[in-house]
Amino acid sequence: MAAAMPLALLVLLLLGPGGWSQAEPPRDTLREELVITPLPSGDVAATFQFRTRWDSELQRERASHYRLFPKALGQLIAKYSLRELHLSFTQGFWRTRYWGSPFLQAPSDTDHYFLRYAVLPREVVCTENLTPWKKLLPCSSKAGLSVLLKADRLFHTSYHSQAVHIRPICRNARCTRVSWELRQTLSVVFDAFVTGQGKKEWSLFRMFSRTLTEPCPLASESRVYVDITSYNQNNEPLEVSPPPTTTYQDVILGSRKTYAVYDLLDTALINSSRSLNLQLKWKRPPESEAPPVPFLHAQRYVSGYGLQKGELSTLLYNTHPYRAFPVLLLDTVPWYLRLYVHTLTITSKGKENKPSYIHYQPAQDRLQPHLLEMLIQLPASSVTKVSIQFERALLKWTEYTPDPNHGFYVSPSVLSALVPSVVAGTPVDWEESPLFSTLFPVSDGSSYFVRLYTEPLLVSLPTPDFSMPYNVICLTCTVVAVCYGSFYNLLTRTFHIEEPSTGGLAKRLANLIRRVRGVPPL
Amino acid sequence: MAVAATSATDIEVVRGRRAALFCAAVAIVLGLPLWWKTTETYRAPLPYSQISGLDALQLRLMVPVTVVFTRDSVPLDDQEKLPFTVVHEREIPLKCEFLQGQGCLVELRSVQRCVECPTKEPECFSAFFSEPSAFLSQDKMSYIGPGRTAVVRGIMHREALNIMGRRIIQVAQAMSLTEDVLAAALADHLPEDKWSSDKRRPLKSSSGYEITFSLLNPDPKSHDVHWDIEGAVRRYVQPFLSALSAAGNFSVDSQILYYAMLGVNPRFDPASSSYYLAMHSLPHVINPVESRLGSSAASLYPVLNFLLYVPELAHSPLYIQDKDGAPVATNAFHSPRWGGIMVYNVDPKAYNGSRLPVRVEVDMVRVMEVFLAQLRLLFGIAQPQVPPKCLLSGPKSEGLMTWELDRLLWARSVENLATATTTLTSLAQLLGKISNIVIKDDVASEVYRAVAAVQKAAEELASGHLASAFVASQEAVTSSERAFFDPSLLHLLYFPDDQKFAIYIPLFLPMAVPILHSLAKIFLETRKNWNKSEKTD
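Calculation criteria
- Residues numbered from 1 in each chain as written.
- Chains lettered and ligands numbered in written order.
- Predicted model: local features only at pLDDT ≥ 70, side-chain atom pairs only at ≥ 80, totals over all residues.
- Heavy atoms only, no water.
- Helix = DSSP H or I, 4+ residues; strand = E, 2+ residues; numbered from the N terminus.
- Buried < 20%, exposed > 50% of the residue type's maximum accessible area, 1.4 Å probe, protein only.
- Contact = heavy atoms within 4.5 Å.
- Areas by Shrake-Rupley, 256 points an atom, 1.4 Å probe, with all protein chains shown as cover.
- UniProt positions renumbered as here; feature names shortened; annotations may be inferred.
- Axes fitted to C-alpha atoms, helices over the stretch in contact; angles between N-to-C directions.
- Parallel < 35°, antiparallel > 145°, perpendicular 65-115°, else oblique.
- Left-handed = near helix turned anticlockwise from the far one by under 90°.
- Core = buried A, V, L, I, M, F, W, Y, C linked by side-chain atoms within 4.5 Å.
- Disulfide = S-S within 2.5 Å.
- Domains from an automatic or database assignment.
- Buried area = accessible area lost by both parts, 1.4 Å probe.
- Salt bridge = Lys/Arg side-chain N within 4 Å of Asp/Glu carboxyl O.
- Polar contact = N/O pair within 3.5 Å; in protein donor to acceptor, adjacent residues only side chain to side chain.
- Pairing = 2+ DSSP bridges.
- pLDDT = per-residue confidence, 0-100.
- Arc of directions from axis to C-beta.
- Nonpolar A, V, L, I, M, F, W, Y, C, P; charged D, E, K, R; others polar.
- Patch = residues over 30% accessible without salt bridge, like charges linked within 9 Å, V, L, I, M, F, W, Y side chains within 5 Å.

## Examining the overall build of chain A
Consideration 1: If you tally the helices and strands in chain A, you get 10 helices and 26 strands.
Consideration 2: Here chain A, with 522 residues, has 46% of them falling under the buried criterion.
Consideration 3: A sequence separation of at least 24 residues applies to 74% of the contacts in chain A between residues at least 6 apart.
Consideration 4: Per element, the accessible surface of chain A, about 26700 Å² overall, is 57% carbon and sulfur.

This is the structure we're talking about:
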C-alpha cells in the first residue's frame, strides 16, 4: 500500500497578510478520578470519571480542530446541533436497597436520550462497547487511571455501567458563553466477598489485575478517593495502605463521608514504590449489622395470569422517619401493552394518594410508546404502590423477535427525587470539588438529588404459531383441490348403461356348490 | 334398445370429452395468465438498448484553443488567411469498456495586437504569438502561464502557420489532456496489465472529500507538542481547496492523538545514531494507527488522512529510508487513496537543560509543504510534462494552476462517466441474470436520469463545455449508484425456488393431474379412432 517517495516540493506557500495574529486555541482540560466505595454488603464499588472540558462554542464557531475532546463526538454535536447527550451501557442492576444510593445510576440496558429518551433493554453490553469508549479517552488506556480498565476484569462484576454524558456548561453567571463538558463514567461493583475467598479485603491489583504506575500527563487532576467513612463513630474498623496524605470530607448523597485522597500528580506517591497498589484491610471483622437503608428505593413487578390481561405495579419506599418528599415517576411502556389509565391507582398507607401532577401521552401503534409521568408525594416511612392494568396486544407475525417466547422487555421506570439530607451540606465551588459530587449539583444543602431506575420487566405476549401461514396455504389449497376434483369429476364423468353382468364371485361360488350337489346352476 | 344405449353412451362420452377440454382451456387461457400476472416481480421498463449503447460509447473530448496573433508575429501574406479554424484530432485507444477519442480544435482567429496582456482569465485556452523579445528569453520557444494562457514564439517563415500549428498543439496538449491523465483516471476500469501503482494513486472521484490532519504524539511525557493547525489550514490549505472547489466539497478538521504508536519498531542505525523505518516496513505502519483515527460521524465522503508523527524520545531522531537505504529528504511517505504520513523529529537542542516534557512548536510551513504536495498527488494533479524549450510559470499562490484544475476536471469527468457506465451495465446484466429483482418506478427514473446525464456529459465534453460536463458526469454517477444500491432491489431476492414449489404443489398438483390425465386419454382415443378409420379406408 504505502510507497516511500521523495516529494518534489513544488507548492509555494504564500503567507496571507496578518495571518499570524491568532488568538490562543480554545482551552481544554482533562480531570480524572476514581472513587472506591466499600459497600455495606461487602462488595466494592469503583467509579471512574473522566471529564474533558472544552471552552469552545462547538456549534456556533464550527470548530473542527480537536485536542483532548474526541473528534467523533465533537462532529456529532456540531452536525446535529445536539444540546445534550447521555448514553449509557449497563449490565446488571444497581441494588439500591443493599448498596445505597449510587452516584449515578443507569438502567440495566442501553439508553440514550437526545431531547428524547429511549431504552433498549434487550441489548447486551460487552467488550466491544468498552473498546470504543476507551478510545475516546485522551490517554487511551496507556497511562493514568485508565490503565485499570481491563475488559476481562470489568465484565466479571455484579454491575457494570459505562456512560458518556455531554452537556454544555455556562462559563459565566449569565451564561452568555458555554463550554462543552464530556464526562465518561464507568461504575463497576466487584463481588469482593466471593472473589476474595470470604475475605472482605481488597486491593487494586486484586480487583483490576493492574496497579497504577504513572499519571496521565494530559490530565490536570488525577485522583483516587477511597471511602473510609466509619459507620460507628468510636473506632476505625478499616485500614488503607499506603496511608493517605490527605483526607476529604463532604456531604455526599445526604450523609457525611470521609475519603482518603491519593493524588497521582503528586510525584512522591508513585516514585517511592514505582507503582501504587491501594489496599484495604479490616482491623477486626466487620460487624454484620444491617446496613443503613437508603431513604428512597423502589421495586417493580408484573402480576396477573393468562395471556390477556396483567398489572404493572411499582412500589416506592420512603424510609425517612419523619419527612415526606415528592418523587417524579416516569414510565415508558411499549404500545403492545395497552394501558387502561382508568385503573391507575396510587395507594400509600392504605389510603388513596392523589398525584399532584400527571402527564399521560397515549401510545400509537408501532409509532410511540405510552408515556406516563407523575409527581407523587411520598409520606414519611411509607410504601406507595402505583399500579395500572394493561391488556396484551397481538403483534403482526413479522414483528415478533426471533425468540418470542423469551418475552418482551418493558423498560424500567425512572424515579427522580430531591431527598432530604441528614446532614446539611455546604455549597462548594463547582469546578474545585471532586467530580463525583458535581454530577447533579444542588444549590440547596438540605436535600440531594437522586435518580433511580427500577428493574426492567419481562412480559410474555401471546405468540402465534409461526408455521401458520404455510399451514393455511396448504389447507386452503387442499380444500380447493378437493372441491375442484369432485366438480371436475362430475363434469367429465361419462355414464354407461351397464348390462346386468353374468355374476360375481358369490354366484360362481354358489354354482360350484350347486354342481357338487347336483342341482342345476343359477 | 342396444343401439339407443350405445348412442346415449356416445353422447355421454363426447360431452365428457368436451367438458375436459373446456376445463383444460380455462386453466390454460385464464388460470395460467392470472397466476403469472399476480406472482410477477414488478419491473418498470428500463432503457436497455441505451445502456448497452453506453458500453460502446466513444468519448470525444474537445479542447477549444483560441490563437491570437500579435501584429508582427506572422508573415504578412499569412495574416491575410486569418481568421480560420483548424481541427486536430487524436485517438487515444484505451482498451476498456469504451474507447476514448480526443479532438483538439485549434481555432486561429483574427490579427489583434495584444499588448495589455489578459488580466481576467479567458474561458478557453489561448495561445499568444508574440514578438521574440517581449516575453521569452532567446532559448525558449514557449511559455505556459498560470492561467489558461500560453505564449508561443512567432516566426517569419514560409511555412509559418504550419510550424506554429504544431507548436500550439504541443503546448495545448501539455496544458490539457494526455494519455497518462486518462489512463490514471480510468485505472480502475482498465485491464490489470495497464495499471501501475502510480496510476492507482489518486483518490476515486466523489462529490466531496474530508481531509483530516492528525498529530500523533506517542510520548506526551517527553514532548508537549503544539501545532498551529487553525492558522496553517487557513493560510495554506483553504486557498488550495477553494481553488479546487469545482471538483467537490471539502471539509477540513484536525485532531491530536496521544499514545498513538506506529505498527513497527524502528531499527537503530549505529552509524548515525538514529532510528530508521525501512521502506518495506512502511505498509505495516498504518494499520494500528488507523484504529485510533476514528471514523467520521458526520458524512460518508472518503477521508484523506494526513498524519504528523512526532517520534517518542526513545526512538528519535527517526528517518524514513527509501529503497536504497538513503533517508528520504522530506521524511514523509504517502499511501495511495489513504493519505500521507510525515515524521517530525524534535530538534535535539531542545532537550538541553530543560526538564521533560519539552515544549515543541511544530514548524507548520515545513509540514504543510509536504502535506500539500501529497494532497496534490492524491488528487491526481501530477507534474506537468513540459514540451522541450518551454518555460513553465511558477504556480499561483493557491498552489494550483487553472489549467491543472481543468485537467483534473477532465480526468474526473471521464472517470465518472466510466463509473456510471459500468454501474448501469452491471445493473442491466444483473437484471438479465436474476429474475427476482424488483425495479420500482423511482429506481427506473434514476436509471433514466443517469443515462441522460451520461449522454449529456458526453455531448458537453464533445462541445468543450468542461464545467457543465463535469456536473452532468457527477449526476450520472450519483443517479446510477442510487439506482444500483437501492434497497428495494433486494426485497424479493431471498425467495428460494424450493419454497415456491412447496407452496404451489398443494394447489397445482391436484388440479393439473386430472386435466393432464384426461387430455392424455383424449389424445390416445383420437389416435386410435384415426388409425381405425385409416384401416377401414
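Next comes the rest of the write-up.
## What to know about the overall build of chain B
Consideration 1: A count of helices and strands for chain B gives 13 helices and 17 strands.
Consideration 2: Within chain B, buried positions represent 48% of all 537 residues.
Consideration 3: Considering only contacts within chain B whose residues lie at least 6 apart along the sequence, 77% involve residues at least 24 apart.
Consideration 4: Roughly 26400 Å² of accessible area belongs to chain B as shown, and the carbon and sulfur atoms make up 59% of that amount.

## Describing the UniProt feature "transmembrane region" (unreviewed entry) in chain B
All names here are of chain B.
Consideration 1: The feature "transmembrane region" (unreviewed entry), as given by UniProt, occupies residues 19-36 and 501-524 in the numbering adopted here.
Consideration 2: For residues 19-36, the helix share is 100%, the strand share is 0%, and the end-to-end C-alpha distance is 24 Å.
Consideration 3: Here residues 501-524 is 100% helix and 0% strand, with 30 Å between the C-alpha atoms at its ends.

## A word on the packing of helix H10 (residues 402-433) of chain B against helix H12 (residues 466-484) of chain B
All names here are of chain B.
Consideration 1: In contact at an axis separation of 8 Å, H10 and H12 are set at 30° when each is read in the N-to-C sense. Compared by their axis directions, H10 and H12 come out roughly parallel. Considering only the axes of H10 and H12, their crossing is left-handed.

## Examining the nonpolar core
All names here are of chain B.
Consideration 1: The biggest cluster of nonpolar side chains holds 104 residues, and the ones touching the most others in it are Phe213, Trp227, Leu308, Met368, Phe371, Leu375 and Ile439.
Consideration 2: In terms of residue count, H10 provides more of this core than any other element does, 13 residues in total.
Consideration 3: Each residue touching leucine 308, except ones within four places of it in the same chain, is listed here: Ser214, Leu215, Leu216, Trp227, Met342, Tyr344, Val362, Val367 and Phe371.

## Topic: unusual backbone geometry
Consideration 1: Of note, the bond from serine 241 of chain A into proline 242 of chain A is cis; its omega dihedral lies within 30 degrees of zero at -5°.
Consideration 2: Relative to the helices and strands, proline 242 of chain A resides in the loop between strand E11 (238-241) and strand E12 (246-252).
Consideration 3: With a phi angle near 60°, asparagine 331 of chain B is a residue other than glycine that sits in the positive phi range.
Consideration 4: Within the element layout of this structure, asparagine 331 of chain B appears in the loop between strand E13 (318-320) and strand E14 (332-335).
Consideration 5: Taking the relative accessible area as the measure of exposure, asparagine 331 of chain B reaches 7% and is therefore buried.

## Comments concerning the state of the cysteines
Here a disulfide denotes one covalent bond, and it connects the sulfur atoms of two cysteines.
All names here are of chain A.
Consideration 1: A complete count under the given rule lists 2 disulfides over all chains for this structure.
Consideration 2: Across the disulfide from cysteine 139 sits cysteine 216; the S-S distance is 1.8 Å. Taking the torsion about the sulfur-sulfur bond, which here is approximately 75°, the covalent link between cysteine 139 and cysteine 216 counts as right-handed. Linking cysteine 139 in the loop between helix H4 (127-135) and helix H5 (151-154) with cysteine 216 in the loop between helix H7 (204-208) and strand E10 (221-227), this pair joins segments that are 77 residues apart in sequence.
Consideration 3: Look at cysteine 139 and you get buried, because its relative accessible area is 2%.
Consideration 4: Taking relative accessible area as the criterion, cysteine 216 reaches 0% and is therefore assigned buried.
Consideration 5: Here the cysteine-cysteine linkages of chain A are recorded as 1-4, 2-3, numbering only bonded cysteines and doing so in sequence order.
Consideration 6: The cysteine cysteine 474 is free of any disulfide, with cysteine 477 supplying the nearest cysteine sulfur at 6.6 Å.
Consideration 7: Of all cysteine sulfurs, the one in cysteine 477 lies closest to cysteine 483, which takes part in no disulfide; the gap is 12 Å.
Consideration 8: Given the relative accessible area of 46%, cysteine 483 is considered partly exposed.

## Some points on the domain arrangement of chain A
Residues and elements named next belong to chain A.
Consideration 1: By domain assignment, chain A separates into domain 1 (28-282) and domain 2 (296-420).
Consideration 2: Just the C-alpha atoms count here: the centres of domain 1 and domain 2 sit 31 Å apart.
Consideration 3: If you look at the interface, domain 1 gives 8 residues, while domain 2 gives 11 residues.
Consideration 4: Buried area between domain 1 and domain 2, summed over both chains or domains, comes out near 780 Å², and the portion from carbon and sulfur atoms is 71%.
Consideration 5: It is Tyr117, Pro121 and Arg122 that lose the most area in domain 1 upon contact with domain 2, and together they represent 63% of the buried surface on that side.
Consideration 6: Where domain 1 packs against domain 2, one counts 0 salt bridges.
Consideration 7: Applying the counting rule to domain 1 against domain 2 returns 0 residue pairs in polar contact (both at pLDDT 80 or more).

## Observations regarding the environment of leucine 375 of chain B
Residues and elements named next belong to chain B.
Consideration 1: With respect to the helices, strands and loops of the structure, leucine 375 is situated in helix H9 (residues 364-378).
Consideration 2: Judged by its relative accessible area of 1%, leucine 375 falls in the buried class.
Consideration 3: The spacing of leucine 375 and valine 237 is 138 residues in sequence and 9.5 Å in space, taken between C-alpha atoms.

## Brief notes about helix H2 (residues 71-80) of chain A
Consideration 1: Among the residues of H2 of chain A, those classed as buried are Lys71, Leu73, Gly74, Gln75 and Ile77 of chain A.
Consideration 2: Just downstream of H2 of chain A, serine 81 of chain A is the residue with a positive phi angle, here 50°.

## Concerning the sheet that holds strand E25 (residues 447-453) of chain A
All names here are of chain A.
Consideration 1: Spatial strand order, E20-E21-E17-E24-E25: 5 strands in an open sheet with antiparallel pairing. Two strands in the sheet have a free side with no partner beyond their single neighbour: strand E20 (357-361) and E25. On average, each strand axis in the sheet is tilted by 15° relative to the strand beside it, whichever way the strands run.
Consideration 2: Two elements, E20 and strand E21 (residues 370-378), share 5 bridges in a ladder whose sense is antiparallel. Bridge assignment links histidine 359 to a residue of E21, and that residue is glutamate 373.

## Digging into the pattern of salt bridges
All names here are of chain A.
Consideration 1: One pass over the structure, following the stated rule, counts 22 salt bridges over all chains.
Consideration 2: Between aspartate 55 and arginine 53 there is a salt bridge whose closest N-O contact spans 3.1 Å. Arginine 53 carries the same exposure label as aspartate 55, and that label is buried.
Consideration 3: Where salt bridges share partners, they join Arg51, Arg167, Glu181 and Arg183 into one cluster.

## Observations concerning the confidence of the model for chain A
Consideration 1: Averaged over every residue, the pLDDT of chain A is 80; the share at 70 or more is 82%.
Consideration 2: Here residues 1-24 of chain A scores under 50 on pLDDT; set against residues more than four positions off or in separate chains, the count is 58 contacts.

## Points about H4 of chain A
Residues and elements named next belong to chain A.
Consideration 1: Three or more residues of H4 are buried, namely Asn129, Leu130, Trp133 and Lys134. Projected down its long axis, H4 carries its buried residues within an arc of 130°, all on one side.
Consideration 2: Next to the buried residues of H4 lie strand E3 (44-54), strand E4 (85-92), H5, strand E7 (159-170) and strand E8 (178-190).

## Brief notes about the sheet that holds strand E10 (residues 267-269) of chain B
All names here are of chain B.
Consideration 1: Across the sheet, 3 strands lie side by side as E10-E11-E13; this open sheet has mixed pairing. Whereas interior strands pair on both sides, the edge strands pair on one side only; in this sheet they are E10 and E13. Taking each pair of neighbouring strands and ignoring which way they run, the sheet shows an average axis angle of 40°.
Consideration 2: With 3 bridges connecting them, E10 and strand E11 (residues 274-277) associate as antiparallel partners. Each residue of the ladder has a partner; that of phenylalanine 268, found in E11, is tyrosine 275.

## Side note on the pairing of E14 of chain B
Side-chain direction in a regular strand flips from residue to residue, so the side chains alternate between the two faces of the sheet.
Residues and elements named next belong to chain B.
Consideration 1: Neither face of E14 is open: one carries Ala332 and His334, the other Phe333 and Ser335, and all of them are buried.
Consideration 2: When E14 meets strand E15 (residues 339-343), the two strands line up antiparallel, connected through 4 bridges. Note on E15: the bridge partner recorded for histidine 334 is glycine 340.
Consideration 3: Counting the residues that bridge the hairpin from E14 to E15 gives 3 residues, and of these arginine 337 lies at a positive phi of roughly 60°.

## Some details on the packing of helix H2 (residues 48-55) of chain B against H10 of chain B
Residues and elements named next belong to chain B.
Consideration 1: H10 packs onto H2 with a crossing angle of 130° between their chain directions and a minimal axis gap of 9 Å. Judged by the angle between their axes, H2 and H10 are oblique. Crossing geometry of H2 relative to H10 is assigned as left-handed. Of H10, the residues touching H2 (which contributes Tyr48, Ile51, Leu54 and Asp55) are Thr421, Leu424, Thr425, Ala428 and Leu431.
Consideration 2: Grouping the amino acids of the contact of H2 with H10 by side-chain chemistry returns 6 nonpolar, 2 polar and 1 charged.

## Observations regarding a nonpolar patch on the surface
All names here are of chain B.
Consideration 1: Judged by side-chain polarity, Leu430, Ile434, Leu490 and Leu493 come together as a nonpolar surface patch covering roughly 310 Å² of accessible area.
Consideration 2: Turning to its location among the elements, leucine 493 is positioned in the loop between H12 and helix H13 (497-536).
Consideration 3: The exposure class assigned to leucine 493 is partly exposed, which follows from its relative accessible area of 34%.

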